[in-house]
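This is what each chain is made of:
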Amino acid sequence: MKANKIVYSSNTGFTERYARMLAEETGLPLYRLEHAPRGGSAFYLGWLCAGRIVGLSRARKRHLVTGCCAVGLGESPDPEKLAAQLPGGRMFYLRGGYAHEKLHGVYRLMMEGMLAAMRRRPPEDESARAMLTAAREGADYVTRAQLGPAADWLGE
Ligand SMILES: Cc1cc2nc3c(=O)[nH]c(=O)nc-3n(C[C@H](O)[C@H](O)[C@H](O)COP(=O)(O)O)c2cc1C
């Protein structure tokens, strides 16, 4: 195994569903970032907020993070921008979803601001337009199949 536990952060539940599936598939213990015992190696799953993997820097201060899944709404974000957030580790991307009714506080305001800006000036690229539609209508892209590469890598 490439890590001895799975640690995650999730705001609206999509990342948590992936983390639970990965724990089932690997048999590794699973912890929320706030409750994980410090030290040792960890595989981290975090959601994407404005291009950053939430909780990853905190996780790296507490654990040796060998690999990570970023969970976002976009179809395929820039792999280099994701990989740069975990130098020396292995990065994977999973498509999560969008549940506006579960968003609160600053994140809800941020998303409403982003959506209003996109409505005023509709994005030109296809993937940004798809994100806008998903955010408007809600979306759930979670599938066990997407976890395959991360589960295989962890078990190597
Ligand atoms: C404020 C905000 C910013 C976001 N920024 C991004 C982003 O940069 N890229 C992306 O793919 N998804 C972005 N998303 C979508 C979330 O990453 C997506 O909904 C994810 O599945 C949430 O995971 P969770 O349910 O575990 O919190 C953003 C969502 C919010 C609320």
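As the structure is a prediction and not an experimental result, all values here were calculated from the model.

### Thoughts on the layout of surface pockets
Reasoning step 1: Size it by volume and the largest pocket reaches roughly 770 Å³.
Reasoning step 2: Together, 33 residues line the largest pocket, and Leu-48, Cys-49, Gly-72, Leu-73 and Met-131 are the ones closest to its centre.
Reasoning step 3: Taken together, the elements giving at least two residues each to the lining of the largest pocket come down to α1 (14-26), β3 (41-49), β5 (64-72), α3 (79-83), β7 (97-98), α4 (105-120) and α5 (126-137).
Reasoning step 4: In terms of residue count, α4 provides more of the lining of the largest pocket than any other element does, four residues in total.
Reasoning step 5: Class assignment of the residues belonging to the lining of the largest pocket gives a composition of 18 nonpolar, 12 polar and three charged.

### Let's talk about the pattern of salt bridges
Reasoning step 1: Under the definition given, this model contains seven salt bridges.
Reasoning step 2: One salt bridge in this structure joins Arg-144 and Glu-24, with 2.9 Å as the shortest N-O distance. Placement of Arg-144 in the loop between β8 (139-140) and α6 (148-155) and of Glu-24 in helix α1 is noted, with a sequence separation of 120 residues between them.
Reasoning step 3: Given a relative accessible area of 57%, Glu-24 falls into the exposed group.
Reasoning step 4: Under the relative-accessibility criterion, Arg-144 is labelled partly exposed at 39%.
Reasoning step 5: Taken together, the salt bridges that share partners define one network made up of Glu-16, Arg-20 and Arg-32.

### Comments concerning the packing of aromatic side chains
Reasoning step 1: Per the stated rule, a full pass over the model turns up four aromatic pairs.
Reasoning step 2: Between the aromatic rings of Phe-43 and Phe-92, the centroid separation amounts to 6.2 Å while the plane-to-plane angle is 45°, which identifies the pairing as tilted. In this pair, Phe-43 sits in strand β3 while Phe-92 sits in strand β6 (residues 90-95), placing the two residues 49 residues apart along the sequence.
Reasoning step 3: On the basis of relative accessible area, Phe-43 is assigned to the buried category, the value being 0%.
Reasoning step 4: Its relative accessible area of 9% is what places Phe-92 among the buried residues.

### A look at the packing of α4 against α5
Reasoning step 1: One can describe the packing of α4 onto α5 by two numbers: an axis separation of 11 Å at closest approach and a directional angle of 125°. As far as their axial angle goes, α5 and α4 are oblique. Judged by the twist between their axes, the crossing of α4 over α5 is left-handed. Mapping the contact onto sequence places Met-111, Leu-115 and Met-118 in α4 and Ala-128, Leu-132 and Ala-135 in α5.
Reasoning step 2: A class-by-class count of the residues in the contact of α4 with α5 yields six nonpolar, no polar and no charged.

### Here's the deal with the nonpolar core
Reasoning step 1: With 23 residues, the main nonpolar core has Tyr-18, Leu-22, Phe-43, Leu-45, Cys-69, Leu-94 and Leu-154 as its most contacted residues.
Reasoning step 2: Those elements giving two or more residues to this core turn out to be β1 (6-8), α1, β3, β5, β6 and α6.
Reasoning step 3: Residue contributions to this core peak at six residues, all from α1.
Reasoning step 4: Core analysis: the next-biggest nonpolar cluster, separate from the first, contains 15 residues, Tyr-44, Ala-59, Cys-68 and Leu-86 among them.

### Observations regarding the site of the ligand
Reasoning step 1: Close contacts around the ligand come from 22 residues, with Ser-10, Thr-12, Thr-15, Leu-48 and Gly-97 the closest.
Reasoning step 2: Between Gly-51 and the ligand, the recorded distance is 2.9 Å, taken from a backbone N or O atom to an oxygen atom.
Reasoning step 3: When the free accessible area of the ligand is taken as 650 Å², the share hidden by the protein chains comes to 94%.
Reasoning step 4: At a threshold of 2 Å from the grid points, most atoms of the ligand map onto the largest pocket.
Reasoning step 5: Residue assignment for the shell around the ligand shows that the elements contributing at least two residues are α1, β3, β5 and α4.
Reasoning step 6: Residues that form the shell around the ligand fall into these classes: 12 nonpolar, 10 polar and no charged.

About the criteria used
- Residues numbered from 1 in each chain as written.
- Predicted model: local features only at pLDDT ≥ 70, side-chain atom pairs only at ≥ 80, totals over all residues.
- Heavy atoms only, no water.
- 1 Å grid on protein atoms, 1.4 Å probe; cavity = no way out; pocket = protein on both sides within 12 Å on 5 of 7 lines; lining within 4 Å.
- Points joined across faces, edges and corners; volume = space filled by probe spheres on them.
- Helix = DSSP H or I, 4+ residues; strand = E, 2+ residues; numbered from the N terminus.
- Nonpolar A, V, L, I, M, F, W, Y, C, P; charged D, E, K, R; others polar.
- Salt bridge = Lys/Arg side-chain N within 4 Å of Asp/Glu carboxyl O.
- Buried < 20%, exposed > 50% of the residue type's maximum accessible area, 1.4 Å probe, protein only.
- Phe/Tyr/Trp six-rings, centres within 6.5 Å; stacked < 30°, edge-to-face > 60°.
- Axes fitted to C-alpha atoms, helices over the stretch in contact; angles between N-to-C directions.
- Parallel < 35°, antiparallel > 145°, perpendicular 65-115°, else oblique.
- Left-handed = near helix turned anticlockwise from the far one by under 90°.
- Contact = heavy atoms within 4.5 Å.
- Core = buried A, V, L, I, M, F, W, Y, C linked by side-chain atoms within 4.5 Å.
- Near = heavy atom within 4 Å.
- Polar contact = N/O pair within 3.5 Å; in protein donor to acceptor, adjacent residues only side chain to side chain.
- Areas by Shrake-Rupley, 256 points an atom, 1.4 Å probe, with all protein chains shown as cover.
- Sits in = over half its atoms within 2 Å of the grid points.

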